[in-house]
Amino acid sequence: MYSFHERKDCMVLDEPLYRRWLEENKESVTRPYTEELINGIPPKHSKPEDRPKWEKEKEDLNSRILSCIENMCNDGKRQGIIFLKHIAKHAPLFNFEKDCEMNCVPLEVDEERVHLTHKHLLLIRDPLQSLSSWNASNDVHNGNVTPNEVGIVNLLYIYANVTSKSDGSGIISVLDSDDLVSDPESIIFDLCKDLNIPYSDEMLHWEAGPKVCDGPWAPWWYNGVHKSSGWVRESNQVYRTLDPKLLPALRVSLAPYNFLKQLTHRYRSRGPPPSEIYEDPRNGNLLVYVGTPGRGRLVPREFAGVSPWDSSVQGGDATWEGIRVYRGKILSLERHLKRLFRSAKALGFQNVHSKEQIMEAIFQTLAANGMRDGAHMRLTLTRGEKYTSSMNPKFNVYGTTLIILAEWKPTQGKTTYDNVKGITLVTSAIRRNSPSTCDSKIHHNNMINNILPKIQANLAGASDALMLDLDGFVSETNATNVFMVEDGILHTPHADHCLPGITRETILVLAKELGIETNVRRISLAEFHAADEVFTTGTMGELTPVTMIDGRIIGDGKRGPVTTRLQESYSLLPERDGWSTPIPPFKDTE
């Protein structure tokens, strides 16, 4: 409010609906100035010059706006701003369709003389901060701590009303008080841009003390802000304990705050714009499945998450599967789910989702996102939420947590590989886990053994890293299984240190069908360097030719004939009997 008060083109009204709200709620709300404000009579201790301010409060909002307009016109201003500071709980008194006070003199202007545009600004504050400082004003609000007093729920009501206007003219900007204090210049600059008004540096500073625009209740509420002279964060941070009796109000207030927070400029600019990060723009609006057995739900990606007490967060204690969707079918779903449950059993999970529950969740997720082709799903099954922080599984008492992340993801693209031109590999200094340390037969979420080699590959400018076992033989890459061709024979490492991938198994079957001789054995790095062809396999990227390893060109540096034949055969699998599961029909409306 003080920022706008400093503008020379602006008039400010401080909570012009407060008197009416207090009058309508005086039986349930107590304030030390209730009767005085309702009747427009200053308290006994007031100064004579305060009387007009108290009397002015008896006027309705619409009349006060018209008075501001008249004053601006009389001053010869061709353009001006009327800044109305409202408290969110006063919202039921405002007609958002007509942008005026309910049941009062209509807000009508001479349209040939005045063009009036309404824009709404929501200022939000972390409800935890609001409630933590609540006791400081306890003598004013008499300990009446409700979600309405916190106000964030009411702000969501305002947002819904403004954005639902029948003429589509709802214009709204959301500011977070933390952002405003930490970077006032840019936040106010963005606000002025949203409101289509010129930015002014004078909005950053003001003189300390009471202001002409203050409502008559300022002596009870504004002592702290009267000490300020601009947007400056207090140097002495105050750490407060939250009174447990305030937790119900906090729980109600957090969800709407989190939603509105995501509408602020600071949140929306926290990373590159969506056009730069989403290969498919539809991935910015995905629905994600999260839940325990019988209690799962679909939520927008920005609201998706698991508890900090979930075992996946506490210790990477989870198993996962990557699954692809092709032309109305899910490839190798039965085999993926079989491996998922085997891993869960090996990890000793209790109260596990049933196969039927997981399949139902998969179909719900695909239907909600409209996915029948060109999609990839990441299924994660965690040991579930603990009731206390610990690695001990006995504290997991709520059942497993299922997460289904379905994305629009082509088999070839920015987030996968180039299956025609191929990729390059570099050998990692990190060795692949052996069964004596962390058995890769369990498709677990302890991925640090894969992530560190991937970092090495990134730094070396390679697509992925080739990993060796403890004896120096090739195991797999950080993300895929690996094959090589020598004199027409297809070779792949034993699955003793690596994951026995489902795509790896599929390629061995297809090779036999095509009459390609196969050999599963220990293979040295030198053999891969000298191979005629090399390719990787995985559900996400299918079959990807490798054209260089550690600076050695593989074959002629192009995709080889054996790789090409297997790619062609693999692409036909979704239509073959026994290889895929049909996706049920979707209904847009019931």
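Structure: above.
Just so it is clear, the structure is predicted and the values come from calculations on it, not from any experiment.

A. Spatial organisation of the overall build of the chain. If you tally the helices and strands in the chain, you get 23 helices and 22 strands. Oriented by its inertia axes, the alpha-carbon framework of the chain measures out at about 105 × 55 × 55 Å. Residue burial in the chain is summarised as follows: out of 590 residues, 46% are buried. For the chain, the proportion of contacts with a sequence separation of at least 24, taken over those separated by at least 6, is 70%. For the chain, the computed accessible surface area is about 30,200 Å², with 52% contributed by carbon and sulfur atoms. Between the mean site of the 68 positive side-chain charges and the mean site of the 77 negative ones, the chain shows a separation of 4 Å.

B. Highlighting the side chain of H226. With respect to the helices, strands and loops of the structure, H226 is situated in helix α13 (residues 223-226). For H226, a relative accessible area of 13% translates into the label buried. Side chain to side chain, H226 and D214 meet in a polar contact 2.8 Å long. In contact with H226, not counting residues within four places along its chain, are Y2, A208, G209, P210, K211, D214 and A218.

C. Up close: the side chain of N481. Among the secondary structure elements, N481 is positioned in strand β16 (residues 481-486). Look at N481 and you get buried, because its relative accessible area is 4%. A polar atom in the side chain of N481 sits 3.4 Å from the side chain of E476. In this structure, N481 is in contact with E476, C498, L499, P500, G501, R504, F535, T536 and T537, ignoring residues within four places of it in sequence.

D. Representation of the pattern of salt bridges within the structure. Under the counting rule described, the total for this entry stands at 31 salt bridges. Note that E15 and K85 form a salt bridge whose closest N and O atoms lie 3.1 Å from each other. In this pair, E15 is assigned in the loop between β1 (10-14) and α2 (18-24) and K85 in strand β2 (residues 81-85), connecting sequence segments 70 residues apart. Neither E15 nor K85 differs from the other in exposure class; each is buried. Where D464 meets K454, a salt bridge forms, and the shortest distance between an N and an O atom there is 2.9 Å. Note that D464 is positioned in strand β14 (residues 464-468) and K454 in helix α20 (residues 448-460), a separation of 10 residues in sequence. Judged by its relative accessible area of 2%, D464 is buried. What makes K454 partly exposed here is its relative accessible area of 27%. Salt bridges sharing partners connect three or more residues here, namely D14, E15 and K85.

E. Quick look at unusual backbone geometry. At R327, a position not held by glycine, the phi torsion is positive, near 45°. Structurally, R327 is set in the loop between β9 (318-326) and β10 (329-331). Judged by relative accessible area, R327 falls into the partly exposed class, the value being 40%. Phi angles above zero are rare outside glycine, and D487 is one such case at about 55°. Residue position: D487 is located in the loop between β16 and β17 (489-493). Take D487: its relative accessible area is 67%, and that puts it in the exposed class.

F. Local environment of the nonpolar core. Of all hydrophobic cores here, the largest spans 57 residues; its most connected members are F4, L131, L155, I158 and L260. Judged by nonpolar contacts, the second largest core, of 26 residues, contains A361, M377, L379 and W408.

G. A look at α20. Between the first and last C-alpha of α20 there are 18 Å, a value that for 13 residues agrees with the 18 Å anticipated at 1.5 Å per step. Every buried residue of α20 is listed here: N449, N450, P453 and A457. Angularly, the buried residues of α20 cover 90° about the axis, an arc narrow enough to put them on a single face. Exposed positions of α20 whose direction lies more than 90 degrees from the buried face are I448 and L459. Contacts from the buried residues of α20 go to β13 (423-427) and β14. A positive phi of about 75° marks G461, the residue just after α20.

H. Examining the sheet that holds strand β7 (residues 287-291) more closely. Pairing in this open sheet of seven strands is antiparallel, and the strands run β8-β7-β12-β11-β9-β10-β22 from one edge to the other. The sheet is open, and its two edges are formed by β8 (297-300) and β22 (580-582), each paired on a single side. With direction set aside, neighbouring strand axes in the sheet form an average angle of 25°. Sheet analysis places strand β11 (residues 375-382) next to strand β12 (residues 401-408), joined by eight bridges and oriented antiparallel. Considered in β12, the bridge of L381 is made with L402. Together, β7, β8, β9, β10, β11, β12 and β22 form the strand contacts of helix α19 (residues 355-369), whose direction differs from that of β12 by roughly 35°.

What counts and what doesn't
Residues numbered from 1 in each chain as written. Predicted model: local features only at pLDDT ≥ 70, side-chain atom pairs only at ≥ 80, totals over all residues. Heavy atoms only, no water. Helix = DSSP H or I, 4+ residues; strand = E, 2+ residues; numbered from the N terminus. Buried < 20%, exposed > 50% of the residue type's maximum accessible area, 1.4 Å probe, protein only. Contact = heavy atoms within 4.5 Å. Areas by Shrake-Rupley, 256 points an atom, 1.4 Å probe, with all protein chains shown as cover. Lys, Arg positive; Asp, Glu negative; His and termini not counted. Charge placed at Lys NZ, Arg CZ, Asp CG, Glu CD. Polar contact = N/O pair within 3.5 Å; in protein donor to acceptor, adjacent residues only side chain to side chain. Salt bridge = Lys/Arg side-chain N within 4 Å of Asp/Glu carboxyl O. Core = buried A, V, L, I, M, F, W, Y, C linked by side-chain atoms within 4.5 Å. Expected span 1.5 Å × (residues − 1). Arc of directions from axis to C-beta. Pairing = 2+ DSSP bridges. Axes fitted to C-alpha atoms, helices over the stretch in contact; angles between N-to-C directions.

Read these as spatial facts, not as claims about activity.
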